[in-house]
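Listed here are the chains, written in short residue letters.
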Amino acid sequence: MHSLTSLHTFGLTAHSKQLISVDNDFSILEYIEGPLWVLGEGSNCIFLDDFDGSVIKIDSKGKTVEEFSDYYQLTVSSGENWHQLVRFCMQNNIFGLENLALIPGSVGAAPIQNIGAYGVELNQFIKEVVCTEISTGEKHILSNEECQFGYRDSVFKRHLAGKVIITQVVLHIPKRWQACNHYGELAKLKQPSPEQIFNQVIAIRKAKLPDPNEIGNAGSFFKNPLVSNKHYASLQCDWPDLPCFPVDHNSVKVPAAWLIDHLGFKGKQLGGIQCHPNQPLVLTNNGQGNGAELLEMARQIQTKVENTFSIHLENEVRLIGKKGLVML
Ligand code: EPU
């Protein structure tokens, strides 16, 4: 049995039967039998229990940068750290990723949930994702369109879940830079430079979000739900302060943090699990929590939100039980 506790940032006690570290040679995959979980830095998945199979830890490293007339092309191995990549770009005057600074996790995991923050989503920069099919060892290159990106969503969470391992991500970063500073506190910056946005995003994240090195957490636990305009209008009759972000003609996104905050969960504890006192969309583990307590807390939030607002909250983090993915 191999401990997984330090391999996922939520830090629950869990083990796997096998733990295999893979650098650039993915041929080992052919010999693995039984349930398999592919792990980057473990910042968006939580092992609720001992996992009855093999965990593959992706440690492949390396990146190349090619310059074209109006963009840079970066080909990055999946085991590289995301924030280090953003920092590398800043140091080399390649701007565009600064809103995504300090997001925990690896480059290979980033397209799976299409990481996003402060008005920017990764899919804006993805040219291709290179992956290996687990059952055959065959290499596939998926175009941006084939990745079927959505809000915290992609084909890697759907049809290709458990079937491929992402080995490289190819980014196209335009040379023509435009500040994206309309979101929340970034709007205070007037005509900011990329460095100012980078520093401000880091400052906001440090102030609001708990550091996984200090307290176990996996970022936002739930997704911000999409509701129809009609549903939103009816909610506004009872809760005129309920904020929303436009999505399209028919629907808006509602901040799950507001719903959870409004129901009084902020700071609430259940065993070793806490709903974070500053950002209630984040659940934390004080080191003593277990999977049952986490599920109980998440289900209490989900049920109360459903009963009060008729909104179903979906988990954003991926929950892994004995046999694999667990639904809330
Ligand atoms: N809010 C409250 N009470 C609070 C905190 C927030 O009511 O205590 C409300 C406010 O109305 C606020 C709104 O929630 O304006 C949005 O809050 P915030 O800007 O903190 O962002 P979020 O919607 O909670 C999302 C992402 C974060 C990302 C931020 C910034 C999701 C699931 N989460 O959070 O991503 O950093 O926006 O772009 O979309 C992550 O995915 O792990 C993550 C941290």
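Computed from a predicted model, the values in this text were never measured in an experiment.

Chemist: Help me out: how do you make sense of the overall build of the protein chain in this one?
Modeler: Of regular secondary structure, the protein chain possesses five helices and 21 strands. Relative to a compact globule of 328 residues, whose C-alpha radius of gyration would be 20 Å, the protein chain shows 20 Å and is just as compact. For the protein chain, the C-alpha atoms occupy an extent of roughly 55 × 50 × 35 Å along the three principal directions. Looking at the protein chain residue by residue over its 328 residues, the buried ones come to 51%. Put simply, of all contacts in the protein chain between residues at least 6 apart along the chain, 61% involve residues at least 24 apart. By element, 48% of the accessible surface of the protein chain is carried by carbon and sulfur atoms, the whole surface being about 15600 Å².

Chemist: Please clarify how the packing of helix H1 (residues 82–91) against helix H2 (residues 194–208) should be interpreted in this entry.
Modeler: Axes are the key here: two packed helices are described by the angle between their axes and the distance separating the axes. Close contact between H1 and H2 brings their axes to 11 Å; oriented N to C, the two are set at 155°. Classified by the angle between their axes, H1 and H2 sit roughly antiparallel to one another. For the crossing formed where H1 meets H2, the hand is left-handed. Contacts between H1 and H2 involve His83, Val86, Arg87 and Met90 from the former and Pro194, Glu195, Phe198 and Ile202 from the latter.

Chemist: When you look at the packing of aromatic side chains in this model, what are you seeing that I'm missing?
Modeler: Here a ring pair, both rings aromatic, is described through the centre-centre distance and the interplanar angle of the planes. Taken as a whole and judged by the stated rule, the model has seven aromatic pairs. On the numbers, 4.9 Å between centres and 20° between planes, the contact of Phe68 with Tyr71 is stacked. Owing to a relative accessible area of 32%, Phe68 belongs among the partly exposed residues under this scheme. Overall, the relative accessible area of 23% leaves Tyr71 in the partly exposed class. Considering the side-chain rings of Tyr183 and Phe245, the 6.3 Å spacing of their centres and the 25° angle between planes classify their relative orientation as stacked. On the criterion of sequence distance, the pair formed by Tyr183 in the loop between strand S12 (164–174) and H2 and Phe245 in strand S15 (residues 245–246) is long-range, its members being 62 residues apart. You can call Tyr183 partly exposed: its relative accessible area is 36%. Overall, the relative accessible area of 35% leaves Phe245 in the partly exposed class. An aromatic cluster is present here, built from Tyr118, Tyr183 and Phe245 joined pairwise through their rings.

Chemist: Sorry, what's going on with the pattern of salt bridges here?
Modeler: Proximity of charged atoms lets side chains of opposite charge pair with each other. On inspection of all chains with the given rule, the structure shows ten salt bridges. Between Asp52 and Lys17 there is a salt bridge, and its shortest N-O distance comes to 3.1 Å. Taken together, the residues Asp52 in strand S5 (residues 51–58) and Lys17 in strand S2 (residues 15–22) connect sequence positions 35 residues apart. We classify Lys17 as exposed; its relative accessible area is 51%. If you follow the salt bridges from partner to partner, you end up with Lys17, Asp52 and Lys323 in one network.

Chemist: I keep staring at the nonpolar core and nothing clicks. Help me out?
Modeler: Side chains of nonpolar character tend, in soluble globular proteins, to be buried together. In terms of nonpolar packing, the biggest core is built from 44 residues, with Leu74, Trp82, Leu85, Leu97, Phe156, Leu171 and Ile173 touching the most fellow members. Broken down by secondary-structure element, the contributors of at least two residues to this core are strand S7 (71–77), H1, strand S10 (126–133), S12 and H2. Residues contacting Ile173, with those up to four places away along its chain left out, are Tyr71, Tyr72, Leu74, Cys89, Ile94, Phe95, Leu97 and Phe125.

Chemist: Whenever I open this one, the site of the ligand confuses me. Can you help?
Modeler: Every one of the 23 residues lining the ligand counts as a neighbour, but Tyr118, Tyr151, Tyr183, Asp261 and Lys266 are closest to it. Within the backbone of Asn278, an N or O atom sits 3.3 Å from an oxygen atom of the ligand. A distance of 2.9 Å separates an oxygen atom of the ligand from a polar side-chain atom of Gln279. Protein burial of the ligand: of its 830 Å² of free accessible surface, 81% is covered by the chains. Of all elements in the fold, only H2, strand S13 (216–220) and helix H4 (256–262) reach the threshold of two or more residues within the shell around the ligand. Top contributing element to the shell around the ligand by residue count: H4, with three residues. Residues that form the shell around the ligand fall into these classes: eleven nonpolar, five polar and seven charged.

Chemist: Please explain the domain arrangement of the protein chain as it appears in this structure.
Modeler: Much of the literature gives interface size as the accessible area that the parts lose upon coming together. Domain parsing of the protein chain yields domain 1 (2–58), domain 2 (63–174) and domain 3 (216–320). Measuring from the centre of the C-alpha atoms in domain 1 to the corresponding centre in domain 3 gives 28 Å. At the junction of the two partners, domain 1 supplies 13 residues and domain 3 supplies 18 residues. Between domain 1 and domain 3 lies a buried interface of about 1300 Å² when both sides are counted; carbon and sulfur atoms form 63% of it. Of all residues in domain 1, the largest losses of buried area upon contact with domain 3 belong to Phe10, Asn44 and Leu48, amounting jointly to 49% of the total for that side. Between the two partners, domain 1 and domain 3, sit zero salt bridges. Put simply, domain 1 and domain 3 have seven residue pairs in polar contact (both at pLDDT 80 or more) between them. Per-element accounting of the side of domain 1 that touches domain 3 gives the leading share, three residues, to strand S4 (residues 45–47). When the residues that make up the side of domain 1 that touches domain 3 are grouped by side-chain class, the tally is eight nonpolar, four polar and one charged.

Definitions and cut-offs
- Residues numbered from 1 in each chain as written.
- Predicted model: local features only at pLDDT ≥ 70, side-chain atom pairs only at ≥ 80, totals over all residues.
- Heavy atoms only, no water.
- Helix = DSSP H or I, 4+ residues; strand = E, 2+ residues; numbered from the N terminus.
- Rg over C-alpha atoms; globule rule 2.2 N^0.38 Å.
- Buried < 20%, exposed > 50% of the residue type's maximum accessible area, 1.4 Å probe, protein only.
- Contact = heavy atoms within 4.5 Å.
- Areas by Shrake-Rupley, 256 points an atom, 1.4 Å probe, with all protein chains shown as cover.
- Axes fitted to C-alpha atoms, helices over the stretch in contact; angles between N-to-C directions.
- Parallel < 35°, antiparallel > 145°, perpendicular 65-115°, else oblique.
- Left-handed = near helix turned anticlockwise from the far one by under 90°.
- Phe/Tyr/Trp six-rings, centres within 6.5 Å; stacked < 30°, edge-to-face > 60°.
- Salt bridge = Lys/Arg side-chain N within 4 Å of Asp/Glu carboxyl O.
- Core = buried A, V, L, I, M, F, W, Y, C linked by side-chain atoms within 4.5 Å.
- Near = heavy atom within 4 Å.
- Polar contact = N/O pair within 3.5 Å; in protein donor to acceptor, adjacent residues only side chain to side chain.
- Nonpolar A, V, L, I, M, F, W, Y, C, P; charged D, E, K, R; others polar.
- Domains from an automatic or database assignment.
- Buried area = accessible area lost by both parts, 1.4 Å probe.

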